[in-house]
Amino acid sequence: MNKNENHQLIMKNVRFQNGVIRQILTSNCIFLIMIFLVEGTLPQDPIKCTTKNSNCTITNIYGSFPDRSICRAAEVTYPTTEEELISAVGKATKEKRKMRVATRYSQSIPKLVCPGEDDGLIISTKLLDKVQMMDRQNMKMRVDSGLILKDLIDEAARVDLALPHSPYWWGMSVGGLLGTGVHGSSLWGLGSAVNNYVVELRIVTPATEEEGYAKVRTLDTANPEFYAAKLSLGVLGVISQVTFKLQPMFKRNITFVEKSDSNLGDEVITFGRKHEFADFSWFPSQKTVLYRIDNRVPLNISGNALNDYLGFRPTSPLILSSMRSSEETQEALRDSNGKCLSGKLTKSLLDTAKYGYTNNGILFTGYPLIGPQNRLQASGSCLINDGILDDLVCPWDPRIKGLFFHQTTFSIGLSKVKNFIQDVQKLVVLQPKALCGLDLYSGILMRYVTASNAYLGHQEDAVDFDITYYRSKNPLTPRLYEDILEEIEQMAMFKYGAEPHWGKNRNVAFIDVIKKYKDADKFLKVKETYDPLGLFSNDWTDQILGLRSGLSIVKEGCALEGLCICSEDSHCAPTKGYFCKPGKVYVEARVCTLLSSNVI
């Protein structure tokens, strides 16, 4: 792209709306585009039906499950009230139909939303999106499970209340937040998991004929079953309403500091105790870390900073197509030098744009960034649309040639995390260019989580690693330096016993996962009580809960997609896309990677 073309593209896209600056990054055109707008085309509905609400398919917001299969259902229903929800569950229970719950955007990467049978029912909470009660005096808020996080924190802010922790993406529904155990970053107080701030919930489950085939169970913290329901993977029933215990609105004081990663293993142990909302963005190939120094400050301190994270902003399909084509070319040519150069450029542009943070909603004028919790805790402006612009999309929108990636996300206990970080650093020494591709996706996001009282929650205080990386459109095409990323994933899961994020990851991360949770039996007992026929379960949830086999799918190319792991005596052929060898650093596990020759 020459300078004239750059200028024309910039001028074509420069408009003004609400005074919000937008930066678009590309990895093969060296420029930073400044655009004054925030609205774009909303993500597509993940549910598509051929005849109104029947004969349907469902996918996720990315348009692809880990195994690239298509999930089908006979019907979808959109209840608008708890009464309509009870009716839908009762009717399906009477007919003994499989049911699964879908949210507005279907965020989960694994196949959580699939009913599992072609005659199954999808219950969408898209229209269950009301605030049912706001108690300012007692700082409690009861909402429908389909309410989006953005609306939750905005409604709370109207009465000067705040949800103290949340994920950084505001497009998730309340039910989705609870179903997969999502979190922010903190070791302080109750920790960063959203479900720690829930004090009561209502869940609709199957019931007997005498009970009308469906019943509402109201659970609070005094009921042991609450600790199964507040992180349930959707296998207990449909959460209808959730009551949060909020806090008085507060402000945060944020400064980002870049350092060498040489002491990261030591500093990760102590940094989270010093700063309430601390996190890290780690760029292993560049041997640098972006430290987030982030603390609560009183509401009367001046500042109105805004988090409008660059990666969650509406983006031109032209720019996204250019980015994707560049990375595909680098992958096809095995151009590690090009990928490393693009990674450095991307990081430089992100640094220049301060990742989308501004001091006043318009410009970045310097650190510290001080602003209200609701303006800093999450973002996602690609979900805002007022009809002014229809040509901008979320960067991963499957309708255009945009980002297409894997996500591997797991938590490693603080007692072991230093050794894991050092093992990753040793891999970088062996193959310095192997992790350059992560720089195109903002590096490795590291967040703090605390031990949870949810039966399927975190077992100890830990650091969560969120790794996003290139995925080929062709399932049989290996990625550049795939063996190193596979090594990291399996080292985490099998050497360090990492707990996978329930709503992300590929199948290999969930192999024998239920054995990692000491209260798994308690969870399964509640499941049997609430849904003895397994109507809210599918094959995938049964597999990860240890109720049936089949999670590891051994077929051509399976390791390329994280679908399989082979044993030492299996006859895997490298030409088929999967290969096993004993790992030199593994005590009990076997490594199954793509032609890995650099196991440390």
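Okay, so let's go over this structure.

Rules used in this analysis
- Residues numbered from 1 in each chain as written.
- Predicted model: local features only at pLDDT ≥ 70, side-chain atom pairs only at ≥ 80, totals over all residues.
- Heavy atoms only, no water.
- Helix = DSSP H or I, 4+ residues; strand = E, 2+ residues; numbered from the N terminus.
- Buried < 20%, exposed > 50% of the residue type's maximum accessible area, 1.4 Å probe, protein only.
- Disulfide = S-S within 2.5 Å.
- Expected span 1.5 Å × (residues − 1).
- Salt bridge = Lys/Arg side-chain N within 4 Å of Asp/Glu carboxyl O.

1. So, unusual backbone geometry
Part 1 of the reasoning: Here Tyr 367 and Pro 368 are connected by a cis peptide whose omega angle stands at 0°.
Part 2 of the reasoning: Inspection of the secondary structure assignment puts Pro 368 in the loop between strand S19 (357-358) and strand S20 (369-372).
Part 3 of the reasoning: Look at Met 139: it is not a glycine, yet its phi comes out positive at around 55°.
Part 4 of the reasoning: By the secondary structure assignment, Met 139 is in the loop between strand S8 (131-135) and strand S9 (140-144).
Part 5 of the reasoning: Within the chain, Ser 442 stands out as a residue other than glycine whose phi angle is a positive 65°.
Part 6 of the reasoning: Position of Ser 442 among the secondary structure elements: in the loop between helix H10 (417-430) and strand S22 (444-449).
Part 7 of the reasoning: Taking the relative accessible area as the measure of exposure, Ser 442 reaches 14% and is therefore buried.

2. Observations regarding the state of the cysteines
Part 1 of the reasoning: Evaluated as defined, the whole model comprises four disulfides.
Part 2 of the reasoning: A sulfur-sulfur separation of 1.8 Å characterises the disulfide bridge that pairs Cys 71 with Cys 114. For the disulfide bridge between Cys 71 and Cys 114, the dihedral angle about the S-S bond is near 75°, and by the sign convention the bridge is right-handed. Of this pair, Cys 71 sits in strand S5 (residues 71-77) while Cys 114 is found in the loop between strand S6 (99-102) and strand S7 (121-124), placing the two residues 43 residues apart along the sequence. As far as the burial class goes, Cys 71 and Cys 114 line up, both buried.

3. A short note on helix H8 (residues 336-352)
Part 1 of the reasoning: The end-to-end C-alpha separation of H8 is 24 Å, in line with the 24 Å expected for 17 residues at 1.5 Å each.
Part 2 of the reasoning: When we look at burial in H8, the residues that qualify are Ser 336, Gly 338, Lys 339, Cys 340, Ser 342, Gly 343, Leu 345, Thr 346, Lys 347, Leu 349 and Leu 350.
Part 3 of the reasoning: In the stretch just after H8, Lys 354 is the one whose phi turns positive, near 55°.

4. Regarding the pattern of salt bridges
Part 1 of the reasoning: Here the structure, examined in full by the defined rule, presents 43 salt bridges.
Part 2 of the reasoning: Lys 91 is the partner of Glu 95 in a salt bridge, and the nearest nitrogen-oxygen pair spans 3.0 Å.
Part 3 of the reasoning: Exposure remark for Lys 91: the relative accessible area of 48% places this residue in the partly exposed category.
Part 4 of the reasoning: Its salt-bridge partner being Lys 215, residue Glu 211 comes within 3.1 Å of it at the nearest N-O pair.
Part 5 of the reasoning: Counted as one network, the salt bridges with shared partners bring together Arg 479, Glu 482, Glu 486, Glu 489 and Arg 506.

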